Structures are given as C-alpha cells and as structure tokens.
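Chains, contacts and geometry: an overview
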Amino acid sequence: MVQIFLSHPLKADENAILRQKEKITVSGIVTANDGEILPGVSVLEKGTKNGVLTSINGQYTLAVDENSILVFSMIGFNTQEVIVSKQTRINIQLKPGITSLDEIMVVGYGSKNKSTFTGSAVTLNAEDLNKSSLSVANLLQGRAAGVQVSQNNGTPGASLSIRIRGTNSINADSEPLYVIDGFPTTDGVGVSLSPEDVASITILKDAASTSIYGARGANGVVLITTKTGVNKESRLNIHSYAGIQNVVGRFNLIGSYDNALRLNKLSELNGDLPSYGPGRLDSLKKGLLGTDWQDEVFRSASIQNHVLSFTGGTSKTGVFSSFDFLNQDGIVVHSKYKRIGGRVNVDHSINDKFKMTARVFGNYGIQNDLPLAPSTINGFLKQVLHANPSSTFDSGVPPQLDAQNPLHFLEAEDRENTNYRTNGYFSLKYQPIQKLTIQADFGSDITKSKASYFAPSTVPNAVASHGIATVANIGEQDLIFNPTVHYELKKEEHNAKFLVGYNYQNYLYQEEGVTATNFSSDDLGYNNLSTAQQFTAYSGKTSVRRKSWFGRVDYDYKNKYIFTGTYRIDGSSVFGNNHKLGYFPSAAIAWQFNQEDFIKNLGLFSSGKLRLSYGITGNDRIPSGISSATYASDNSTKYTFDGVSSVSGIATTRISNPDLRWEQTEAWDLGLDVGLLKNRIILEADYYSKITNDLLLDRSIAPSTGFETLFGNTGKVENKGIELSLQTINISNKHLKWNTTISYAYNRNKVLSLGDNNSDIYVGSFKPDGSANFESPFIIRVGEPLGAIYGYVYDGIIQANDPVLTTTHPNAQVGDPKFVNLVDDNILDPEDRIVLGIGLPKALIGITNNITYKNFNLDLVLQGQTGGKLLNVQKIDLLNPISRGNQLEDVLTDVWSPENTSGTIPARSFYGNSHGGWVNSHFVESSDYLRIKNITLTYSIPSKLIKTIGIAGFDIYVNAQNLYTFTKYSGLDPEIGNLVNNSQQNKNVARGIDFNAYPVNRMYLLGAKVTF
C-alpha cells in the first residue's frame, strides 16, 4: 500500500485537499482605528463566494477552511487580509483610506460612504475643527464652502448666524435645521452645546440631501454627531485653557483738551458763556483732568474653560461622559457669560438582535449683556463714544454740560439672562434578520429661560418712568417620536438600501412676563417688584405640531452607477386648514467615472465622480397661529352701557388665511469630485440653482376688509452659485506633514417676484440720533438681491452760489450735504434713492493649513468675504460738528466752513436735513476682508516621557483668534452686521448696518489636553 501511495502523487494531493477542507468557525469584531464599530464590512473567504457582512454591532461569524485567508473590505477603508491558521477569534481594525472621497459620512437617518453619496455635503471630523472654540458655530468658521458663519456682535454668550447657500426667505427663518444625534432642533449652534462633545459635523447643502427632512430642510441641514465610547480604551481626558481678550480696535476720538476748546466754541456760537475756563483748560492740557472713556469701558477680559470627560467601553457597552465649565468676561465692563454643563452617552448591545443608545445632556447658562439694537439711541456704544472726555468722575462742570457718565449707564442697568436646557434622546435598534433593522427613536428637549432687566431712575430711558423693570419667563418643550425601518439588498453587483419612517414632533412655547414702573426705591430692582407702583402683565402660549412620512431608496451597480430617491410628506399646524400637508420629492444620480476601464487606462484620476440632483424642500418656520384670526382687548376695544363706566371688549386684530401654505424651494445641483496623484489632490466643485416659491409675506390688502395686511403666499427668491473646494497633501513623510484646504463659494441672490403688483418693501426704519430723521436703510425690490442698501447718492458739500440752492435743494444752506437728483426733475425727494450696495457678501473664502513636524503641529485658519457692503452708521454718528457729544478727530480739521471750503464734513452734519438723508453712498463701504481667524501651535510631549506616570497623551498649545484682519473698511470690524431689531425680516434682509454693535474681541489662549 505504501508503494501504491508513493506511486500515485495525485492521490496524495487529494488527501491534502481533504485536510484543507476541514471547516472551522471564525468570529470577531471589526472596528475603525479609532475604536468605532463598523457595521456592513464585507468579510470574504478569499477565492470563494463564501462571505458575510458585519452586524450593527460590528460582529461577524463565518465557517471557513482552517488554512484560508479572510479578506476584510469596506469603502472608505483599506482592505486587509488575514491568514486564519486555525484561529477561531479574529478581531480587526480597519485603517481609513487617505481620501476624503471615501470616508464614512452621516446623512439623514443613517450613514453612507461618501463615494456613493449623490448629494452635496461636507463632513468635518473632530480633528478638523477649530481649536478652543466657544460654540459649535465657531467650529465651522472658514472650514466649509458655501457656509457663512456670521458674528453679529461680540457679546459673551451671543449666538452666531449660519447661512447655507444664501438666504431663501424674507419673513420665514433662514437658519438651517440642526440635528443633534438624530434630534431635529432649531437651536444647535448656540453656546448650550459644548464643542468638546462633538465627534463630527456634516453639512447637507443640496435638496437631494436635505429633502429627507422635508419641510425643515430648505435652508440646509447641519448634522452633529457626539462622541461615543464603544470598543474604546478607557480614557480620562482633561482639557483646560485660559486667556485674555482685547477689543480689536479703537475709535480715534477727540481728546479732552481739544474737546473742551470745541465745546467752548459751540457755546460761543450759541451766545452762551464758555463751558471751560482758563484754569480747567490748563489742567486738561497738562493731562491732570479728563477721561478716556474707551479706556474706562473697554478692558482686557479673562476667559477660562475646563472640560473633564471619560471615554471607554467594549463592543457590547460604551460610555462617553463629560463635564464642562466656561467663564467668559466681556471686553466691555459689566458684561459676562458663564456656562456649566454635562453629558452622558451610552451605547449598549443587549444581544445580537437588540442595541440601545442614549444621549442626555444638560446645562445652565447665565449672561449679562448690554443694550445693542441700532434703533436704541441710548445704546451703550453710542453713550461711550459720545461721552465728554473733558469730564471726570468728580467733575466741577455743571451736570447739564457733561454727557451721561457711561460707566454709570452700564453699571446701573441690570440685564441678566438665564437658561436651563435638558435634552434626552433614546434609540432602540432591532435586527430580526441580518439585513433588516427596525429602529425607534424618541426624546425631549426642554428649555427654561428667564430675562430680567432693571433701569433705575438715574439713567436716561427710565427717568420719566421713575425706574423700569421687566421680568419674562419662557418655557420651551420639544417632544419627538421617530420610528424607521432599514433594509439592505445585495445581489451580485447590485446594491440597494431602503428606508421608510414616520416622524412626530410637538413643540410647545409658553411665556409670562411683567413690566413694573414708578419704583419707590432703586435699591432692589427686579428682585422685588412690589416696590413699584404700576404693573403691566402678559402671558402667551403657542404650539407647533408636525407629522411626517418619508422614504428613501439608495441603489448602485458595481459601485459605479448610483441613484438616490427620497419622498416626504409633511404636515404642520402652522398653515391654513386647506394646506396642512406638503409634498417633497428628490432624486439624484452619480457616476463614478474612474471605475470605467477607459478612464483607468488614462492613468490620470485616482478617483472621480459626477453628480446631478434635483429636489423640493419646504419651510414652515413662521410664528404659530399666523394663519388664524387673532383677537385682543385694549383701550380701543372699551365701550360703555351707561356713559360713565367702561367695559373691556374684544376685537379682531388679524383675519385668518385658511389658504396659507408651504414656502417651497426647488433646487438643482451639478457636482464633480476628482482625485489626482493618488488623491494627494482632491477637487470638489458644485453649481447650484435654487428658487423659493410662495414666499411667506405680510402683504397689503383691500381696505374694505377692515384690515391693512394679510399674511399669505406670494413672491419668489432665487439663489445661484458655485462652490469650489481644493484639498492637497503638500508634504507627507516620516517627520513632516502639510495639508491645505481652500474653499471658495460665490452666491448670487435675486428677488424674482413680490406678488401681483411687485411693490417695494422698505425694511429697518430707525433713526440713530434724536436730531435725525427716520429712514429705512434697506429695500426689497424685484430684480435686486436681498439685503439691498437703499439711499441717496452723495455729491459733496454745497458751496457758495451752487445752483442746487435754488433748484433741487431749495431749503439748504451753504455747507450742507449735496445729493444727486437722479430723476432729473429739479426736485430732490425719496424717488432719487437707489440701491447703493448689498449687505450680504457675494463670495466666501476659507483657507486652512495644517502642518505637523515631529511633535509640533500648526493649524492656521483664514476666513474672508468679498462683494458685500456695510452702512457705517457709527461713522455718520461721530461726524456731527454741532453735537456736544464727542466726535472723531476729523471734526477738528475737516468740517466745512467759509474759511475751510475744502472740508469734507458738512457744517450741520448729515442729520435733520430738509433734503436727502443720512443713508447715502458716502457711508456705504466695502465689507471685504481676509482674517487670520484661528491659529494654534501645539506641542505633544513624547509618550516615552509620560507613560511611566500613567499619562497616555499630553498636549500643550497656544491659540490666537481674530489675530489680524486685512480690510479697507474704516470701522472696527467689517464682519459686524448688527440688526435694527430681532424680527425675522430684519435677520434675513437688514444685516448691513454697523451701529451700536458690541465690539468683536481678539483672543489669546494657553491650553493643555491631558489623557490618562
């Protein structure tokens, strides 16, 4: 038998084959290199069709030959092969590929590989985000093409505004929808969410991506994913920083001595005695007396932030928890913000079929702010800048000759805003079979806030009322229930995913407040309103209910030809009875052309994808009950039965509109993603076109109805633009790495229609000074962009014998401002006003550089904009030669007079003229700028020096924010866009005013991150 065996080698091979075919069962868990579990990873026995996909817990089990090779692969990660060698337990960590085109990204109700994503979006991971940011919105500045993050003022605790691909609406909210771990909310970028908790942010920009959110996705969607501890080593992390903030600039105001001379001259012109005698003038000249009020009010302010967090867990249970404390003093005295918060994230796999997640966070914030609105002529900045520098705290000058002490103004008024927020979101996933997942999400977001204000009888706006106090309590409650079903189907080279879901959300808002006046004492303020004599109380309650049904289909063939289709039906209680439902479809296709053989043969593209999408989204963010009739009881509704006593009645104040319907945005997007040189160069380009129809507007109606306006649907707004993003790996070797990202976005906004008569809408009426006339700086006009600044064309100063004195400017005087009569009818009137510029920028620029050399890392973020304008009302207000308030130094030398006919400042200022107006081209300036927004230098202490004392990582860094701004704007900050008031229309349209804004700070920080 032995001879037979040896003489038949083929038989010996057959025995070997039999031995190789002995099966063993291999199981394990697949994770990313950061420890995150990876569902959907392909585990394949090499050379066969025997394979499985990992479950939602990243687990797999597969029977294979004991000497086979397992191949682990997933788009976005490098493929890995492992020889089984009789192993029964193989856990794998997949490393991500070098290209962002293949990364895993969060999308609406799930996640996708970016290579098969058909829409337009940008994903930023924690390591990509700005260091030492105070809010989630700060994280995004300069990082994403087409995303404008605006800082309207520098008040500590103030929220930032985000616009994605322009402004769509006039009266409806234009902020994007924020989804925090699956919870849709409109308050996601305020300071209530700690940036340290964020793992990644995905911004969905086109309709194909956002239409899954239907009625709430018209303005884009910001998906925020917080950190998890699943399958990660137990780590205790401490991150602390502290630093100093300074005002970014100062106004060049008249000094104390020169101002005293100026006031004496004004007194002389008015026939009064000089305000300052020789002795006091001499003391002012020597610097013995006088006050620089900017020095007194602006300060170097401290800031500190401390975060303690824990991360850790197994594949079965993971925990992330954090505690944070922020204390920021304002650069203006008596302004500050404090926040304390905590979070607990838990992920737990009950068994192979059930998985539970919980996300709970809460915080408390307290803010002391200042009066800011431009429409308030007693705003703090105006008071500071106009304060008399020739006075002192112990001034001997009669009080009527000194401006109100701004320190008293700031100190005496007490403004305190407190906010409590608790958010809980829970999810249960059930996977009855491998490719079917049933998920139920439910949660609540509860906020309690209180706004308290007291002005004593010693400040200007409370003298007549003998003190005034207001206290308002606001409660908000948002409840959500969101069940979904996911199913995956894979057959040969065809891949399909199906999603169906239902969403129910109920938002409740309650507010109660009281205003008290005529206080017997200023000592207790709003802490004891019983010391007041008169009271006015109010209360209100509104709710918004939303119900939605939605579905999505994702399909690809060979990972080459890709299709995504979504459909959502939304119901919202804010609309009329005849139009409660809205219907929002979308479709997108993509072609990964680099997968084609004829493209591969070119050897040019490392990756490449062409995208096209179309979709309809909606907007229901208008005041609740706006479609219903409203009633009120006030003095106008009182009547009498006996001619003596009065009885309060009720009258209709607004008529109902049962046909009020959805504001809808139709959008196209054409995109190209290209990778070159093994994806060392990645270019992403998009062209988009959006038209928002049925604008929600308050329009005039026939007087015969008994009312002047009706809130309804009319008008169109268009946004068109391009977005470019270039990512490069400039250097990558053992010691030195240098990556650069450049983003550019251009948006053209245009009003296409405003209803049947297309009549203009004037926005933002106010006057910056008591001597000024009321004017509306903005206009909404067909053919013009939103944010159009509207005023007169300045033509210099009227000189002696100027013909305009007897024609277009008949009531003017020599030395007054002159304006162009554009209508050419010899009459200067409001018809001569034109659009002087646009308050919103046309283009946004972002440049980031990240350089690592050994243990050092430098992160640099530049942010800029072009094409926008600002109305510099602050400058207008400080060029008033007849005002006794302090002014810019130019007033000393550049005021027109018969002796100084070349002066450029009108003798009687720009206020109160019988012709023209203070809104004019002379003060409309370019808001273009490029800013060094954020720069961080980090040193990581080598692990060999610290691991012996139980420290896994120790980073020390220095950080500077708003370090320098390159701009020609003459004001303090070209990014400032203060609002006349907080109405939604003003937020959308009237952002181009610089007046009474809290200055932006420059910040220097020293921080450390320690991991145990």
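Residues numbered from 1 in each chain as written. Predicted model: local features only at pLDDT ≥ 70, side-chain atom pairs only at ≥ 80, totals over all residues. Heavy atoms only, no water.

**A closer look at the pairing of strand 26 (residues 532–557)**
Operational definition: Here the rule is simple: two strands pair whenever DSSP picks up at least two bridges between them. By definition, any uninterrupted DSSP run of H or I lasting at least four residues is a helix, any uninterrupted run of E lasting at least two residues is a strand, and each is numbered from the N terminus.
Of the pairings in the sheet, the one linking strand 25 (residues 494–519) to strand 26 comprises 25 bridges and is antiparallel in character. Following the sheet pairing, E512 is matched in strand 26 by S539. Two elements, strand 26 and strand 27 (residues 561–572), share twelve bridges in a ladder whose sense is antiparallel. Residue pairing across strands places Y557 opposite Y561, the latter belonging to strand 27. A loop of three residues connects strand 26 with strand 27, the two strands running antiparallel in sequence, and K558 in this loop sits at a positive phi of about 60°.

**Topic: the pattern of salt bridges**
The line we're drawing: Salt bridge, as used here: a side-chain nitrogen of Lys or Arg that lies within 4 Å of a carboxyl oxygen of Asp or Glu. A 1.4 Å probe rolled over the protein chains alone gives each residue an accessible area, and that area as a share of the maximum for its type sets the label: buried under 20%, exposed over 50%, partly exposed in between.
One pass over the structure, following the stated rule, counts 39 salt bridges. For R359, the salt bridge identified is with D181, shortest N-O distance 3.9 Å. You can see R359 sitting in strand 21 (residues 354–368) and its partner D181 sitting in the loop between strand 13 (177–180) and strand 14 (183–185), a full 178 residues away along the chain. Given a relative accessible area of 18%, D181 falls into the buried group. Between K818 and D802 there is a salt bridge whose closest N-O contact spans 2.9 Å. Linking K818 in strand 42 (residues 817–819) with D802 in the loop between strand 41 (794–797) and strand 42, this pair joins segments that are 16 residues apart in sequence. For K818, a relative accessible area of 13% translates into the label buried.

**Let's talk about the sheet that holds strand 43 (residues 834–838)**
For clarity, the cut-off: Angles shown run from 0 to 180 degrees and are taken between the N-to-C directions of axes, each axis being a line fitted to C-alpha atoms and, for helices, limited to the stretch in contact.
Read across the open sheet, the four strands follow the order 38-39-40-43; overall the sheet is antiparallel. Both outer strands of the open sheet, strand 38 (761–763) and strand 43, are each paired with one neighbouring strand and no more. The average angle at which neighbouring strand axes cross in this sheet is 45°, direction not considered. The sheet contact formed by strand 38 and strand 39 (residues 778–780) spans three bridges and is antiparallel. If you follow I761 over to strand 39, its bridge partner there is I780.

**Some words on the pairing of strand 49 (residues 953–967)**
Where strand 48 (residues 929–940) and strand 49 come together, eleven bridges link them in antiparallel fashion. Looking at strand 49, one finds that S940 is bridged to D955.

**Some thoughts on the nonpolar core**
Our working definition: Put simply, a nonpolar core is a bunch of buried Ala, Val, Leu, Ile, Met, Phe, Trp, Tyr and Cys residues held in one set by side-chain atoms that sit within 4.5 Å of each other.
Judged by nonpolar contacts, the single largest core of 61 residues is most densely connected at V297, V332, F380, L410, I780, L871 and W918. Going through the elements one at a time, helix 7 (293–297), helix 8 (380–386), helix 9 (406–412), strand 38, strand 39, strand 41 and helix 11 (873–877) are the ones with two or more residues in this core. It is helix 8 that provides the largest number of residues to this core, a total of four residues. Counting residues in hydrophobic clusters, the runner-up holds 22 residues, among them V122, A137, L140 and V149.

**Describing unusual backbone geometry**
A positive phi is found at N518, a non-glycine position, where the angle reads about 60°. Relative to the assigned elements, N518 resides in strand 25. At L677, a position not held by glycine, the phi torsion is positive, near 55°. Along the chain, the position of L677 falls in the loop between strand 32 (663–676) and strand 33 (681–693). For L677, a relative accessible area of 57% gives the class exposed.

**Points about helix 6 (residues 278–285)**
Stated precisely, the cut-off is as follows: In this description, one arc is meant: the one made by directions from the helix axis to the C-beta atoms.
Burial in helix 6 covers these residues: R280, L281, S283 and L284. The buried residues of helix 6 occupy one face: seen down the axis, they fall within an arc of 160°. More than 90 degrees from the buried face of helix 6, the exposed residues found are P278 and K285. Looking at the residues trailing helix 6, positive phi occurs at G287, about 80°.

**Some thoughts on the environment of V485**
Tracing the sequence through the fold places V485 in strand 24 (residues 468–491). Along the backbone, V485 and L499 are 14 residues apart, and their C-alpha atoms lie at a distance of 5.7 Å.

**Quick word on the environment of G342**
Keep this limit in mind: Contacts are assigned to residue pairs with any non-hydrogen atoms lying within 4.5 Å of each other.
Positionally, G342 belongs in strand 20 (residues 336–349). In this structure the C-alpha to C-alpha distance between G342 and G715, which are 373 residues apart in sequence, comes to 45 Å. Residues contacting G342, with those up to four places away along its chain left out, are S322, F323, D324, V360, F361 and G362.

**Description of the packing of aromatic side chains**
To be explicit about the condition: Put simply, two rings from Phe, Tyr or Trp (the six-membered ring, in Trp's case) pair if the centres are within 6.5 Å, and we call them stacked under 30 degrees between planes, edge-to-face over 60, tilted for the rest. Should the NZ of a Lys or the CZ of an Arg lie within 6 Å of a ring centre and within 35 degrees of the ring normal, that charge is described as sitting over the ring.
For the structure shown, the criterion picks out 25 aromatic pairs. Consider the rings of Y792 and F819, whose centres lie 5.6 Å apart with planes at 50°: the pair is tilted. Here the residue Y792 occupies a position in the loop between strand 40 (788–791) and strand 41, and F819 occupies one in strand 42, the gap between them amounting to 27 residues. You can call Y792 buried: its relative accessible area is 6%. Relative accessible area serves as the criterion here: at 3%, F819 is assigned to the buried category. By way of ring pairs, the aromatic residues Y792, Y794, F819, F910 and F923 are connected into one cluster. Here R931 stacks its cationic end above the ring of Y929, 5.1 Å away from the centre of that ring.

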